[in-house]
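Residues per chain, in single letters:
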Amino acid sequence: MEQFLIVCPLVFLAGFVDSIAGGGGLISFPAYLLAGVPVHVILGTSKLSSFPGSIVAAARFGKSGFIRWKLAVPCGILAAAGAFAGAKIALGVEETIIKSLMIVVLPIVAFYVLRGKKTDAKETEELPFKTLLILGAVVSLVIGMYDGFYGPGTGTFLILAFTGLLKMGTRDAAGISKFVNLAADIGALLTFGASGKVNVVLGVVAALFCMAGSYFGSGLVVNNGQKVVRPVILTVLALLFVRVLAG
């Protein structure tokens, strides 16, 4: 019950924050660690709690016609493969090593998520489809592997890669990123689930709280959302660091 009392409010907050300005994974992932959930179970259960949100986001973009399926499908397949590999690697790494990596990785991820995403909407000459496919495949495989091994910030990294490296428009990049993120989540979730590293009850309840937070957050009109989100995320990260250093 103590785990539910810690995880659920923070995951609700994560959904709320993510719907306003992104970066929810920087709260939801540490929430499990603060609650004393074993690291490998965190990796699997956090995927389950975020899975419904990934489905809704991808479906919304697909229905609006912002997913270019000829590019998205192969990228999604490679993202799932990358997530499978990343999850397998994570399962073979000791918990103490993963906790130590968090101390290094979390500030880096937080920097890229919180610095403010530049979404320049001006038109640029599109790359040939074959080039898009090759670059997209590499990006999806690498970031999918990161998603399987760890996860927070995956959506941000995908959008940065598709807009910066592939020179895609903002809406197309967002649409394919949601689909690729969903595919990676599926690959990682299946891998952790097959290894018995998913707390199904905690993950499902947390998913409900995450969706509730997203619902309330998306219903608000918040200007300069990053200014609201930044202190919340930094507070949770500070709590995480205290928890990790305390052992």
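Computed from a predicted structure; not experimentally measured. (Residues numbered from 1 in each chain as written. Predicted model: local features only at pLDDT ≥ 70, side-chain atom pairs only at ≥ 80, totals over all residues. Heavy atoms only, no water.)

Quick look at the overall build of the protein
Looking only at helices and strands, one finds ten helices and zero strands in the protein. Start at the N end of the protein and walk to the C end: the helices and strands fall as α-α-α-α-α-α-α-α-α-α. Residue pairs in contact within the protein that sit at least 24 positions apart in sequence constitute 83% of those at least 6 positions apart. As displayed, the protein has an accessible area near 11,900 Å², and 68% of this comes from carbon and sulfur atoms. (Helix = DSSP H or I, 4+ residues; strand = E, 2+ residues; numbered from the N terminus. Contact = heavy atoms within 4.5 Å. Areas by Shrake-Rupley, 256 points an atom, 1.4 Å probe, with all protein chains shown as cover.)

Structural notes on helix α3 (residues 39-63)
With 25 residues, α3 should reach 36 Å at 1.5 Å per residue; the first-to-last C-alpha distance of 36 Å fits that figure. Ser50 marks the point of greatest bend in α3, at about 40 degrees, and the proline Pro52 comes within the next four residues. Taken from the residues just after α3, Gly65 is the one with a positive phi, measuring 80 degrees. (Expected span 1.5 Å × (residues − 1). Bend = angle between axes of the 7 residues up to and from the residue.)

Some details on the nonpolar core
Formed by 61 residues in total, the largest nonpolar core has its most connected members in Tyr32, Met102, Phe162, Met168 and Ile176. In this view, Tyr32 contacts Val7, Val11, Val37, Ile42, Thr45, Ser46, Ser49, Leu202 and Ala206; residues no more than four positions away in its chain are not counted. (Core = buried A, V, L, I, M, F, W, Y, C linked by side-chain atoms within 4.5 Å. Buried < 20%, exposed > 50% of the residue type's maximum accessible area, 1.4 Å probe, protein only.)

As for the UniProt feature "transmembrane region" (unreviewed entry) in the protein
If you check UniProt for "transmembrane region" (unreviewed entry), the listed places come out as residues 29-50, 71-91, 97-115, 127-143, 149-166, 173-194, 200-221 and 228-246 in our numbering. Split by type, residues 149-166 is 67% helix and 0% strand. Its first and last C-alpha atoms lie 24 Å apart. (UniProt positions renumbered as here; feature names shortened; annotations may be inferred.)

Remarks on the environment of Leu43
Structurally, Leu43 is set in helix α3. Taking the C-alpha atoms as reference points, Leu43 and Leu189, 146 residues apart in sequence, are found 8.6 Å from one another.

Description of helix α6 (residues 129-149)
Given a rise of 1.5 Å per residue, 21 residues ought to cover 30 Å, and the 30 Å separating the end C-alpha atoms of α6 matches this to within 8%. Those residues of α6 not exposed but buried are Leu132, Gly136, Ala137, Val139, Ser140, Ile143, Gly144, Tyr146, Asp147 and Gly148. Positioned one or two residues after α6, Gly151 has a phi angle of 125 degrees, which is positive.

Description of a nonpolar patch on the surface
A cluster of nonpolar residues, Leu78, Ile134, Val138, Leu141 and Val142, forms a patch on the protein surface that exposes about 410 Å² of accessible area. The greatest single-element share of the nonpolar patch, amounting to four residues, is contributed by α6. The exposure class assigned to Val138 is partly exposed, which follows from its relative accessible area of 48%. (Patch = residues over 30% accessible without salt bridge, like charges linked within 9 Å, V, L, I, M, F, W, Y side chains within 5 Å. Salt bridge = Lys/Arg side-chain N within 4 Å of Asp/Glu carboxyl O.)

Describing the confidence of the model for the protein
Summarising the model, the protein shows a mean pLDDT of 83, and 85% of its residues fall at 70 or more. When mean pLDDT is taken per element in the protein, helix α4 (residues 69-91) scores highest with 96 and helix α10 (residues 225-245) scores lowest with 68. (pLDDT = per-residue confidence, 0-100.)

Some points on the pattern of salt bridges
One pass over the full model with this rule turns up two salt bridges. For Asp147, the salt bridge is made with Lys47, and the minimal N-O distance between the two is 3.8 Å. In this pair, Asp147 is assigned in helix α6 and Lys47 in helix α3, connecting sequence segments 100 residues apart. This pair shows no difference in class: Asp147 is buried, exactly as Lys47 is. Note that Asp172 and Arg68 form a salt bridge whose closest N and O atoms lie 3.9 Å from each other. Placement of Asp172 in helix α8 (residues 170-194) and of Arg68 in the loop between α3 and α4 is noted, with a sequence separation of 104 residues between them. A relative accessible area of 26% places Arg68 in the partly exposed class.

Points about the packing of α6 against helix α7 (residues 154-164)
It is at 10 Å that the axes of α6 and α7 come closest, and there the two elements cross at 165 degrees. One element, α6, and the other, α7, form an angle in the roughly antiparallel class. When the axes of α6 and α7 are compared, the crossing they make is right-handed. Of α7, the residues touching α6 (which contributes Gly136, Val139, Ser140, Ile143, Tyr146 and Asp147) are Thr154, Phe157, Leu158, Ala161 and Phe162. (Axes fitted to C-alpha atoms, helices over the stretch in contact; angles between N-to-C directions. Parallel < 35°, antiparallel > 145°, perpendicular 65-115°, else oblique. Left-handed = near helix turned anticlockwise from the far one by under 90°.)

Focus on the packing of aromatic side chains
This model, assessed by the stated rule, comprises five aromatic pairs. Ring geometry for Trp69 against Phe179: centres 5.2 Å apart, planes inclined by 85 degrees, an arrangement best described as edge-to-face. Residue Trp69 is located in helix α4, and its partner Phe179 is located in helix α8; the two are separated by 110 residues in the primary sequence. Its relative accessible area of 44% is what places Trp69 among the partly exposed residues. Given the relative accessible area of 19%, Phe179 is considered buried. Feature note: the residues Phe29, Tyr146, Tyr150 and Phe157 constitute an aromatic cluster, connected by ring pairs. (Phe/Tyr/Trp six-rings, centres within 6.5 Å; stacked < 30°, edge-to-face > 60°.)

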